[in-house]
Amino acid sequence: MAAYEAIASTTLTTNTQTITFSSLPTTYKHLQLRVYARGSRTGSADVAGIRFNSNTSAVYFVHRMSGTTTATAQFFTGYTYCWLASTLASPGLSSTVSFNSCVADILDYGSTNKNKTVRAIQGVDTNGNGLVEYVDSTWINNNAITSITVFCVNDNFVSGSVFALYGLRSA
Amino acid sequence: MATIDLIAHTEVGPAGASSVNFSSIANTFDDLWIMVTTRAASGLPQVLMRFNNETSTTTYSTTSTYGFGNVAQSDRQANANGVSFDQYNMQANTNWTSINILIPQYKNTSNFKQSLIDYYSPNNQANSSFVFENYCGGRASLWRNTGAISSIQFTLSSGSFVEKSTFTLYGITKA
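Since the model is a prediction, treat every value here as computed from it, not as a measurement.

Colleague: Would you mind going over the overall build of chain B with me for this structure?
Modeller: Scanning chain B from N- to C-terminus turns up zero helices and 12 strands. Going from the N terminus to the C terminus, chain B shows its helices and strands as β-β-β-β-β-β-β-β-β-β-β-β. In terms of overall dimensions, chain B is globule-like: its C-alpha atoms have a radius of gyration of 16 Å, near the 16 Å expected for 175 residues. Counting every position in chain B, which comprises 175 residues, the buried fraction comes to 53%. Contacts spanning at least 24 positions in sequence make up 78% of the contacts within chain B whose residues lie at least 6 apart. As displayed, chain B has an accessible area near 7,000 Å², and 47% of this comes from carbon and sulfur atoms.

Colleague: Got a minute to help me understand the layout of surface pockets in this structure?
Modeller: To locate leftover empty space, one rolls a probe as large as a water molecule over the atoms. The space that makes up the largest pocket amounts to roughly 250 Å³. Together, Q32(A), R34(A), V103(A), D105(A), R119(A), I121(A), W33(B), N100(B), L102(B), L116(B), I117(B) and D118(B) line the largest pocket. Only β3 (30–37), β8 (100–106) and β9 (116–125) of chain A together with β8 (97–104) and β9 (113–121) of chain B provide two or more residues apiece to the lining of the largest pocket. In terms of residue count, the dominant contributor to the lining of the largest pocket is β9(B) (three residues).

Colleague: Explain the sheet that holds strand β2 (residues 19–22) of chain B to me, please; I cannot follow it from the model alone.
Modeller: Residues and elements named next belong to chain B. Judged by pairing direction, the sheet is antiparallel, and its four strands sit side by side in the order β2-β11-β4-β7 without closing on themselves. Strand pairing shows two members of the sheet lacking a second neighbour, β2 and β7 (83–85), which therefore form its edges. For this sheet, the mean inter-axis angle between neighbouring strands, taken without regard to orientation, is 15°. Of the strand pairs in this sheet, strand β4 (residues 47–51) and strand β11 (residues 152–156) are connected by five bridges, and their pairing is antiparallel. Within β11, the position partnered with L48 by the bridge is T155.

Colleague: Just checking my understanding: could you explain the sheet that holds strand β12 (residues 166–172) of chain B for this structure?
Modeller: Within a sheet, each strand pairs with its neighbour through backbone hydrogen bonds, oriented either parallel or antiparallel. All names here are of chain B. Ordered in space as β1-β12-β3-β8-β9-β10-β5-β6, the eight strands form an open sheet in which the pairing is antiparallel. Each end of this open sheet is capped by a strand with a single partner; those strands are β1 (4–11) and β6 (71–80). The sheet shows a mean angle of 15° between the axes of neighbouring strands, taken without regard to direction. Sheet topology note: the strand β3 (residues 31–38)/β8 ladder contains eight bridges and is antiparallel. Of the residues in β8, the one forming a bridge with L32 is I103.

Colleague: Help me understand the interface of chain B and chain A, please; the structure alone is not making it clear to me.
Modeller: The figure often quoted for interface size is the accessible area lost as the parts come together. On the side of chain A, 39 residues touch chain B, which itself brings 37 residues to the contact. Roughly 2,800 Å² of surface becomes buried between chain B and chain A when both sides are summed, with 60% attributable to carbon and sulfur atoms. When the buried area of chain B at its contact with chain A is split by residue, R76(B), Q114(B) and L116(B) rank highest and sum to 22% of it. Inspection of the chain B/chain A interface yields zero salt bridges. At the junction of chain B and chain A, the tally comes to 18 residue pairs in polar contact (both at pLDDT 80 or more). Secondary-structure elements contributing two or more residues to the side of chain B that touches chain A are β5 (60–68), β6, β8, β9 and β10 (135–143) of chain B.

Colleague: Please clarify how empty space enclosed by the protein should be interpreted in this entry.
Modeller: This structure, assessed with the given rule, holds two cavities of 30 Å³ or more. Lining the largest cavity are R34(A), V35(A), Y36(A), C102(A), V162(A), A164(A), D31(B), L102(B), P104(B), Q105(B) and K174(B). Breaking the lining of the largest cavity down by element, the ones donating at least two residues are β3 and β12 (162–168) of chain A together with β8 of chain B. Top element by residues in the lining of the largest cavity is β3(A). It accounts for three residues. Residue classes in the lining of the largest cavity are distributed as seven nonpolar, one polar and three charged. V35(A), A37(A), A48(A), L84(A), A85(A), L88(A), N100(A) and C102(A) are the residues that line the second largest cavity.

Colleague: Could you clarify how one ought to interpret the nonpolar core in this entry?
Modeller: Across soluble globular proteins, you tend to see nonpolar side chains buried next to one another. Residues and elements named next belong to chain A. Counting 37 residues, the largest nonpolar core has F52, I148 and F157 as the members making the most contacts within it. No other element matches the five residues that strand β7 (residues 82–88) contributes to this core. Ignoring sequence-local partners within four residues, the contact set of I148 consists of I19, T20, F21, L24, L31, I50, R51, F52, I106 and L165.

Colleague: Quick question: what am I supposed to make of the pattern of salt bridges here?
Modeller: Residue and element names in this part refer to chain A. Under the definition given, this model contains five salt bridges over all chains. Two residues, R64 and E133, come together in a salt bridge whose shortest N-O distance is 3.0 Å. In this pair, R64 is assigned in strand β5 (residues 60–67) and E133 in strand β10 (residues 130–139), connecting sequence segments 69 residues apart. The same class applies to R64 and to E133, which are both buried. The partner of R119 in a salt bridge is D105, with the nearest N and O atoms 3.6 Å apart. One end of the pair, R119, is in strand β9; the other, D105, is in strand β8, with 14 residues separating them in the sequence. Judged by relative accessible area, R119 falls into the partly exposed class, the value being 42%. A relative accessible area of 18% means that D105 is categorised as buried.

Colleague: Is there a simple way to think about unusual backbone geometry in this case?
Modeller: With glycine set apart, most residues show a phi of negative sign, and most peptide bonds adopt trans. Even without glycine at this site, S23(A) takes up a positive phi of about 50°. If you trace the backbone, S23(A) turns up in the loop between β2 (18–21) and β3. Classification of S23(A) as exposed rests on a relative accessible area of 68%. A positive phi angle is found at N79(B), which is not glycine, with a value near 50°. Of note, N79(B) is situated in strand β6.

Reading guide: rules and limits
- Residues numbered from 1 in each chain as written.
- Chains lettered and ligands numbered in written order.
- Predicted model: local features only at pLDDT ≥ 70, side-chain atom pairs only at ≥ 80, totals over all residues.
- Heavy atoms only, no water.
- Helix = DSSP H or I, 4+ residues; strand = E, 2+ residues; numbered from the N terminus.
- Rg over C-alpha atoms; globule rule 2.2 N^0.38 Å.
- Buried < 20%, exposed > 50% of the residue type's maximum accessible area, 1.4 Å probe, protein only.
- Contact = heavy atoms within 4.5 Å.
- Areas by Shrake-Rupley, 256 points an atom, 1.4 Å probe, with all protein chains shown as cover.
- 1 Å grid on protein atoms, 1.4 Å probe; cavity = no way out; pocket = protein on both sides within 12 Å on 5 of 7 lines; lining within 4 Å.
- Points joined across faces, edges and corners; volume = space filled by probe spheres on them.
- Pairing = 2+ DSSP bridges.
- Axes fitted to C-alpha atoms, helices over the stretch in contact; angles between N-to-C directions.
- Buried area = accessible area lost by both parts, 1.4 Å probe.
- Salt bridge = Lys/Arg side-chain N within 4 Å of Asp/Glu carboxyl O.
- Polar contact = N/O pair within 3.5 Å; in protein donor to acceptor, adjacent residues only side chain to side chain.
- Nonpolar A, V, L, I, M, F, W, Y, C, P; charged D, E, K, R; others polar.
- Core = buried A, V, L, I, M, F, W, Y, C linked by side-chain atoms within 4.5 Å.

This is the structure in structure tokens:
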């Protein structure tokens, strides 16, 4: 039995704001989400967020360390979602068509006695703009994660964006 | 097909190597993942990664954030001739730079190619420029070419990779 397995994936064929992975299997210890995405927002970059079990309450907090041409560290409490990307490539970021790359680990997602954490590295470069960041988030909830919702906060993910979920076994 | 497959592995021999090349990469995967451990034979050269032997000085760009000692910095490099990685472990040092590279959607022929890089260059030896400074960071890079990636080249800005440097290429397949 493989220790790392593909669970599900979605490749967008139309611009879409929300992608949900539901009825998650309980056979894995950890989850890994790999995202290749771009937003359709004009005027400025967008944000990619993630929620668990459709919980939209202000029970998430975020810590990120990022770099553009300067290094920044920030901490936010009372958020209604975890961050996957604070800067999602879009026409508002650059006319160069780039997609963000993100790898997010969701540890011990089936635990019923731990708040859940998301540890992600993500970035995008547009030859003159861009960002790379380590973003760590917490969902203050002990429930097992049964569904994951990835969403574009202000507009849509564009066609061609890819969302792939993987499971890691512990035994 | 497994979710992660080994595509190729190279370990540098006693003579060292000025470059390492993964060629004829199959287009049967969704993403590529590369793990590198390396050290330069002399000096502090940058590791350069290029695709499809493209050495144009206009097609690569990188945004970086990194820390060394107690300093955090970021910078951006546009119109470069490759994706570069600093390594501050020195010739006489026994430490090795570790580089983890994700190249998503490498066979996509509609979009430019992104790389997401996480790396660590330990250094426990002083010289005139760097004193006991480890170096770690992340990089997001763009190759402004819509061609499918069929080969990947690693070189140094000067000199050679030392013996026992390793370069391992995996393919990732989604559901």
